[in-house]
Amino acid sequence: MPVDCQVATRGRCGSRGGGQRARGLGWAPFLERARREEKRAEGRRRCGGPASPGGSLSSGQRGRPGTVAAARMAACAEAPELVYLVTGGCGFLGEHVVRMLLEQEPRLRELRVFDLRLSPWLEELKTGPVQVTAIQGDVTQAHEVAAAVSGAHVVIHTAGVVDVFGRVSPETIYKVNVQGTQNVIEACVQMGTRFLVHTSSMEVVGPNIKGQPFHRGDEDTPYEAVHKHPYPQSKAQAERLVLEANGREVRGGLTLVTCALRPTGIYGEGHQIMRDFYRQGLRLGGRLFRAVPASVEHGRVYVGNVAWMHVLVARELEQRAALMGGQVYFCYDQSPYKSYEDFNMEFLGPCGLRLVGTRPLLPHWLLVLLTALNTLLQWLLRPLVLYAPLLNPYTLAMANTTFTVSTNKAQRHFGYKPLFSWEVSRARTILWLQGKEGSAQ
Ligand SMILES: NC(=O)c1ccc[n+]([C@@H]2O[C@H](COP(=O)([O-])OP(=O)(O)OC[C@H]3O[C@@H](n4cnc5c(N)ncnc54)[C@H](O)[C@@H]3O)[C@@H](O)[C@H]2O)c1
Ligand SMILES: CC(C)[C@@H](O)CC[C@@H](C)[C@H]1CC[C@H]2[C@@H]3[C@H](O)C=C4C[C@@H](O)CC[C@]4(C)[C@H]3CC[C@]12C
């Protein structure tokens, strides 16, 4: 679906009117936009929506289940009326969510992309029926979040600090992942936004600090979720906040409906860690050295399917609020269960890399010693340079602990089925790695 992009670059939180139009364009875009606006207004009149584009749907008009408005909304699905906000919309997952929404959500009128760092690709989104508003903002700043949420029907909250390599301080991880999530929740309550989809993580469950395997578990499998690392701790706290917020009254008297998705290890176009492995292999003459037994299985999921599940949940949350509200769903697909390293080789192999060793080349005790050395080096070098290798005590422990999920809860509750097969997911990831994006950056 073509989109109309208005990059709001004023200050921290742009607005529809304050955007900066693509430079060097003539009158054509403005006339085109006026024509689209008229078409949209006509659609609204026909469907009994708010006459003006800035107007918001009353709760009845939003189509509460079983009402005339719901039937009318269903009949007028082509009248795009909804405003979505995606926090972290310029991130690895966020970008795929943004693009998936533009392709798969016909009711979208405006898509707000909120991020600390706005990406150049936002500019590419050309004119079309959907207004894409880029908002440079910080989830730790409550007022910026509130301004971005104001008028939104749905918030998809993916923004977060994803760090298990010691690149970011524990304080910052907590501030962004926990306090930032609390700010999003409070903004929804204050602004009357009813639907919040949160990107949680498998790590909320495990692997735990005891290294206990989680083999083909589901959302109800008993497991001792005990964490010491700041990142999983922050994701567990954030998820708890989101689930506890379900049912809170929002401005306007209706209730907040929340849901948390727990992707396993995400891979696909834009995956930084995969890029790091690729470059490490290139530096080592096309070789990577096995550090983890092939028998240790890790669940992985293609980023396109994670984005699809977010779009589907956001779409179904209103109609199935009683069933889905306050629920968590693991997010995975048909990607094969393999060791982390063997799975990566599905993509790195076709790019010319080789994994040396059918078993770990170094004894485990030596790897543990190396991780301790890396930790010491990171601490000593911190005043001078950021040293954050892939191998540290946490990553070694994670890589050595089986964690795979098998569940149909998402399918039962809202009909989730992966949009991309394993073959397509693999091909797209290899293409990306082989292309300039994968090797140059
Ligand atoms: N990558 C994975 O394997 C994986 C797996 C499960 C869950 N997740 C979750 O998915 C979400 C996205 O992860 P990702 O892998 O795309 O990471 P990412 O770092 O690529 O994306 C995170 C985005 O959030 C933005 N952000 C960070 N701090 C912010 C702040 N203070 N205010 C506004 N924006 C801010 C970043 O700029 C970035 O664009 C995270 O919540 C993460 O915990 C990731
Ligand atoms: C150096 C070797 C020991 C190598 O095998 C280390 C692999 C290690 C970098 C990864 C092993 C498991 C990964 C994590 C897992 O896929 C799930 C995650 C949850 C998600 O929310 C964020 C990413 C991650 C923590 C992911 C990070 C890389 C690994 C630790």
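Residues numbered from 1 in each chain as written. Chains lettered and ligands numbered in written order. Predicted model: local features only at pLDDT ≥ 70, side-chain atom pairs only at ≥ 80, totals over all residues. Heavy atoms only, no water.

A.B. asks: Let's hear about the confidence of the model for the protein chain: which residues, and what values?
C.D. replies: Averaged over the protein chain, the pLDDT score is 86; the fraction of residues at 70 or greater is 80%. Across residues 1-25, confidence stays below pLDDT 50; counting only partners more than four residues off in sequence or on other chains, it has 77 contacts. The low-confidence segment residues 46-73, where pLDDT is below 50, has 52 contacts with residues more than four positions distant or belonging to other chains. On the interface metric, ipTM, the complex scores 0.98, and its pTM is 0.85. (pLDDT = per-residue confidence, 0-100. Contact = heavy atoms within 4.5 Å.)

A.B. asks: For the site of ligand 2, give the residues involved together with the corresponding values.
C.D. replies: Taken together, 17 residues sit near ligand 2, with V162, S201, E203, Y231 and E341 positioned nearest. Contact distances for ligand 2 include 2.8 Å between an oxygen atom and a side-chain N or O atom of S201. In the model, an oxygen atom of ligand 2 is placed 3.3 Å from a nitrogen or oxygen of the E341 side chain. Taken together, the elements giving at least two residues each to the shell around ligand 2 come down to helix 11 (340-348) and helix 13 (393-399). Examining the composition of the shell around ligand 2, we find that three residues originate from one element, helix 13, more than from any other. Among the residues making up the shell around ligand 2, the classes are represented as eleven nonpolar, four polar and two charged. (Near = heavy atom within 4 Å. Polar contact = N/O pair within 3.5 Å; in protein donor to acceptor, adjacent residues only side chain to side chain. Helix = DSSP H or I, 4+ residues; strand = E, 2+ residues; numbered from the N terminus. Nonpolar A, V, L, I, M, F, W, Y, C, P; charged D, E, K, R; others polar.)

A.B. asks: I'd like a rundown of unusual backbone geometry, residues and numbers included.
C.D. replies: Residue P207 is reached from G206 by a cis peptide bond, and omega for that bond is 5 degrees. Its place among the elements puts P207 in the loop between strand 6 (195-199) and strand 7 (214-217). Phi at R216 is positive, roughly 50 degrees, even though this residue is not glycine. Here R216 lies in strand 7.

A.B. asks: Got a sec to walk through the pattern of salt bridges? Specific residues and values, please.
C.D. replies: Inspection of every chain in the model, using the stated rule, returns 17 salt bridges. For E224, the salt bridge goes to K210, with nearest N and O atoms at 2.7 Å. Placement of E224 in the loop between strand 7 and helix 7 (230-245) and of K210 in the loop between strand 6 and strand 7 is noted, with a sequence separation of 14 residues between them. Assessed through its relative accessible area of 36%, E224 is described here as partly exposed. Of the charged contacts, one joins R426 and E346 as a salt bridge, the two residues approaching to 2.8 Å between their closest N and O atoms. A residue pair is termed long-range when its members are at least 10 positions apart, and R426 in helix 15 (residues 422-434) and E346 in helix 11 qualify at 80 residues. In this structure, a network of salt bridges that share partners links the residues E95, R99 and E124. (Salt bridge = Lys/Arg side-chain N within 4 Å of Asp/Glu carboxyl O. Buried < 20%, exposed > 50% of the residue type's maximum accessible area, 1.4 Å probe, protein only.)

A.B. asks: Give me the packing of helix 5 (residues 142-149) against helix 6 (residues 170-191): which residues, what numbers.
C.D. replies: Contact geometry of helix 5 with helix 6 gives a least axis separation of 9 Å together with a crossing angle of 50 degrees. Relative to helix 6, helix 5 is oriented oblique. For the pair helix 5 and helix 6, the sense of crossing is right-handed. Counting all contacts with helix 5, which are made through A142, V145, A146 and V149, the residues of helix 6 involved are N183, V184, A187, C188, Q190 and M191. Split by residue class, the contact of helix 5 with helix 6 holds eight nonpolar, two polar and no charged. (Axes fitted to C-alpha atoms, helices over the stretch in contact; angles between N-to-C directions. Parallel < 35°, antiparallel > 145°, perpendicular 65-115°, else oblique. Left-handed = near helix turned anticlockwise from the far one by under 90°.)

A.B. asks: Account for the pairing of strand 6, with residues named and values stated.
C.D. replies: The side chains of a regular strand alternate between both faces of the sheet. When you tally the buried positions in strand 6, you get five out of five residues, the bulk of the element. Residues F195, V197 and T199 point to one face of strand 6 and L196 and H198 to the other, with burial holding for every one of them. As paired strands, strand 5 (residues 154-157) and strand 6 are joined by four bridges and run parallel to one another. Within strand 6, the position partnered with I156 by the bridge is V197. Traced from strand 5 through helix 6 to strand 6, the parallel crossover comes out right-handed. Sheet topology places strand 6 next to strand 8 (residues 257-263); five bridges connect them, and they run parallel. What sits directly across from F195, in strand 8, is V257. (Pairing = 2+ DSSP bridges. Right-handed = clockwise from strand over helix to strand, strands pointing away.)

A.B. asks: I'd love a proper account of the pairing of strand 5, names of residues and values included.
C.D. replies: Across the two faces of strand 5 the burial is the same, with V154 and I156 and V155 and H157 all buried. Note: strand 2 (residues 82-87) against strand 5, four bridges, orientation parallel. Looking at strand 5, one finds that Y84 is bridged to V154.

A.B. asks: Quick one: what's the story with the nonpolar core, residue by residue and with numbers?
C.D. replies: By size, the foremost hydrophobic cluster in this structure holds 78 residues, and its most contacted members are Y84, L101, L111, I156, V313, L348 and F414. Residue contributions to this core peak at nine residues, all from helix 9 (residues 303-316). (Core = buried A, V, L, I, M, F, W, Y, C linked by side-chain atoms within 4.5 Å.)

A.B. asks: Mind laying out the packing of helix 3 (residues 92-104) against helix 9, listing which residues take part and the relevant values?
C.D. replies: Between helix 3 and helix 9, whose axes approach to 8 Å, the crossing angle comes to 55 degrees. Our classification of the angle between helix 3 and helix 9 gives oblique. Where helix 3 crosses over helix 9, the handedness of that crossing is right-handed. For the pair helix 3 and helix 9, the contacting residues are F92, L93, H96, V97, M100, L101 and Q104 in the first and V303, G304, V306, A307, W308, H310, V311 and R315 in the second.

A.B. asks: Can you explain the environment of S119? Please cite residues and give values.
C.D. replies: In this fold, S119 is placed in the loop between strand 3 (108-115) and helix 4 (121-124). Since its relative accessible area comes to 19%, S119 is described here as buried. Remark: the alpha-carbon pair of S119 and A134, spanning 15 residues in sequence, is separated by 9.3 Å.

A.B. asks: Please set out the packing of aromatic side chains residue by residue, giving values where relevant.
C.D. replies: Throughout the structure, instances matching the rule amount to 14 aromatic pairs. On the basis of an interplanar angle of 90 degrees and a centroid distance of 6.5 Å, the ring pair of Y223 and F403 is categorised as edge-to-face. Here Y223 is found in the loop between strand 7 and helix 7, whereas its partner F403 is found in strand 14 (residues 403-405), with 180 residues between them in sequence. No difference in accessibility class separates Y223 from F403, as the two residues are buried. Consider the rings of F277 and Y340, whose centres lie 6.2 Å apart with planes at 50 degrees: the pair is tilted. Of the two residues, F277 sits in helix 8 (residues 272-283) while Y340 sits in helix 11, which places them 63 residues apart along the sequence. (Phe/Tyr/Trp six-rings, centres within 6.5 Å; stacked < 30°, edge-to-face > 60°.)

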